[in-house]
Amino acid sequence: MPDPAQGAVLIGSGPSLNRIDPRRLAGYDTIAFNRSWVAWPNWGFAPAYHACLDPASMAIIGPDLAPVVARHRDTRFFFHGSAAGFGIEASDRVSLCDLVPGSSFGTSLSALTDYGNVGSISMQVLYLLGYRKVLMVGVDGDYLPETDVSRDHNHFRPDYATGRVPLTPELRVRYTAGWPAVAAECERLALQVRNASPGTVLTCFETADLTEGLAWIARNPVSAVNT
């Protein structure tokens with residue numbers, strides 16, 4: 001069973017994920033995103049949580065979600081409300097969430113503040129679930145511009161983001177601009193965060209290597225807040 005008192009690992013989709021061994025994350029509470037399920041067999045585990053909270057991403061992968069939900073009975077899913085259009089219904093394992101503007105974390109899983117990318121939005125999901133320590137991996141915070149999608153330099157494997165549009169300067173700003181606001185909220189709410197993504201360019205979180213980061217979330221558990 002998930003244990004918020006122990007801390008969680010937020011698994012991003014950046015290429016730095018290829019510089020660690022994700023199999024080391026088995027046994028920890030983890031959250032992963034979008035089409036990450038293509039990698040779960042290689043990781044050797046399915047995450048405790050999965051999120052697809054961007055309507056544009058939902059439009060691409062929505063038709064594939066129902067069998068993923070059915071197959072992974074021990075994973076809890078957080079989907080943008082548009083998932084309902086693909087036959088996904090809310091249940092004890094599926095939360096349908098709307099995105100709202102703002103700078104503060106939402107107070108309910110049904111209305112989450114939109115910080116521009118699924119990882120940053122999901123930091124508040126972990127907070128609302130009661131976690132007070134989060135270790136990030138595969139969260140590079142850097143994106144290379146693209147004119148086409150024939151080669152994917154911005155994700156850890158080419159089939160993760162199949163169907164996406166090229167990364168424009170505008171999209172790059174959207175994906176990166178929210179992280180400082182998330183970091184400020186984490187500090188305000190006493191949500192401790194460290195980034196163990198090799199080569200990350202994010203400067204708003206303390207960095208750590210994977211070994212010390214995993215030891216950090218596993219020791220000195222803090223009291224969880226039940227929501």
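None of these values were measured; they are calculated from a predicted model.

What counts and how
- Residues numbered from 1 in each chain as written.
- Predicted model: local features only at pLDDT ≥ 70, side-chain atom pairs only at ≥ 80, totals over all residues.
- Heavy atoms only, no water.
- Axes fitted to C-alpha atoms, helices over the stretch in contact; angles between N-to-C directions.
- Helix = DSSP H or I, 4+ residues; strand = E, 2+ residues; numbered from the N terminus.
- Parallel < 35°, antiparallel > 145°, perpendicular 65-115°, else oblique.
- Left-handed = near helix turned anticlockwise from the far one by under 90°.
- Contact = heavy atoms within 4.5 Å.
- Nonpolar A, V, L, I, M, F, W, Y, C, P; charged D, E, K, R; others polar.
- Buried < 20%, exposed > 50% of the residue type's maximum accessible area, 1.4 Å probe, protein only.
- Arc of directions from axis to C-beta.
- Pairing = 2+ DSSP bridges.
- Core = buried A, V, L, I, M, F, W, Y, C linked by side-chain atoms within 4.5 Å.
- Salt bridge = Lys/Arg side-chain N within 4 Å of Asp/Glu carboxyl O.

**Student:** Can you explain the packing of helix 3 (residues 118-128) against helix 5 (residues 179-188)? Please cite residues and give values.
**Tutor:** Helix packing geometry: the angle between the two helix axes and the distance between the axes. Two elements in contact, helix 3 and helix 5, have axes separated by 10 Å at closest approach and are oriented at 15 degrees. Taken together, helix 3 and helix 5 sit at an angle that is classed as roughly parallel. As helix 3 packs across helix 5, the resulting crossing turns out to be left-handed. Two secondary-structure elements touch here, helix 3 through Gly119, Ser120 and Met123 and helix 5 through Trp179, Val182 and Cys186. Taken together, the residues of the contact of helix 3 with helix 5 break down into four nonpolar, two polar and no charged.

**Student:** Quick one: what's the story with the environment of Gly12, residue by residue and with numbers?
**Tutor:** Along the chain, Gly12 turns up in the loop between strand 1 (8-11) and strand 2 (29-33). With 127 residues separating them in the primary sequence, Gly12 and Val139 have C-alpha atoms 4.8 Å apart. Those residues in contact with Gly12 that sit more than four places away from it in its chain are Leu17, Phe33, Val137, Gly138 and Val139.

**Student:** For helix 5, give the residues involved together with the corresponding values.
**Tutor:** Regarding helix 5, the residues found buried are Trp179, Val182, Ala183, Glu185 and Cys186. With its buried residues spanning 160 degrees around the axis, helix 5 presents them on a single face. Opposite the buried face of helix 5, by more than 90 degrees, sit the exposed residues Pro180, Glu187 and Arg188. Ala190, located one to two residues past helix 5, shows a positive phi value of around 60 degrees.

**Student:** Which residues make up the sheet that holds strand 1, and what values do they have?
**Tutor:** With respect to topology, nine strands assemble into an open sheet ordered 6-5-4-3-2-1-7-8-9, the strand pairing being parallel. The open sheet has two edge strands, strand 6 (111-113) and strand 9 (206-207), and neither has a second partner. By the bridge criterion, four bridges tie strand 7 (residues 133-137) to strand 8 (residues 192-195) in an arrangement that is parallel. By the bridge assignment for strand 8, Leu135 is matched with Arg194. On top of the sheet, helix 2 (residues 55-71) reaches strand 3 (49-52), strand 4 (76-80) and strand 5 (94-100); it is set at about 150 degrees to strand 4, its chief contact. Against the sheet, helix 6 (residues 210-218) contacts strand 1, strand 7, strand 8 and strand 9, and its axis sits at roughly 160 degrees relative to strand 7.

**Student:** Just give me the short version of the nonpolar core, but keep the residues and values in it.
**Tutor:** Note that soluble globular proteins tend to have their nonpolar side chains buried in a common cluster. Counting residues in hydrophobic clusters, the biggest one holds 67 residues, and the most contacted among them are Phe79, Met123 and Met136. Of the residues forming this core, the biggest block, seven residues, is contributed by helix 3. What Phe79 contacts, discounting residues up to four positions off in sequence, is His50, Cys52, Leu53, Met58, Leu65, Val69, Ile88, Val94, Ser95, Leu96 and Cys97.

**Student:** Requested: an account of the pattern of salt bridges, with residues and values cited.
**Tutor:** Taken as a whole and judged by the stated rule, the model has four salt bridges. Ionic pairing is found between Arg157 and Asp159, a salt bridge with its closest N-O pair at 2.6 Å. With relative accessibility at 22%, the residue Arg157 sits in the partly exposed group. Assessed through its relative accessible area of 28%, Asp159 is described here as partly exposed. We note a salt bridge from Arg194 to Glu206, for which the minimum N-O separation is 3.8 Å.

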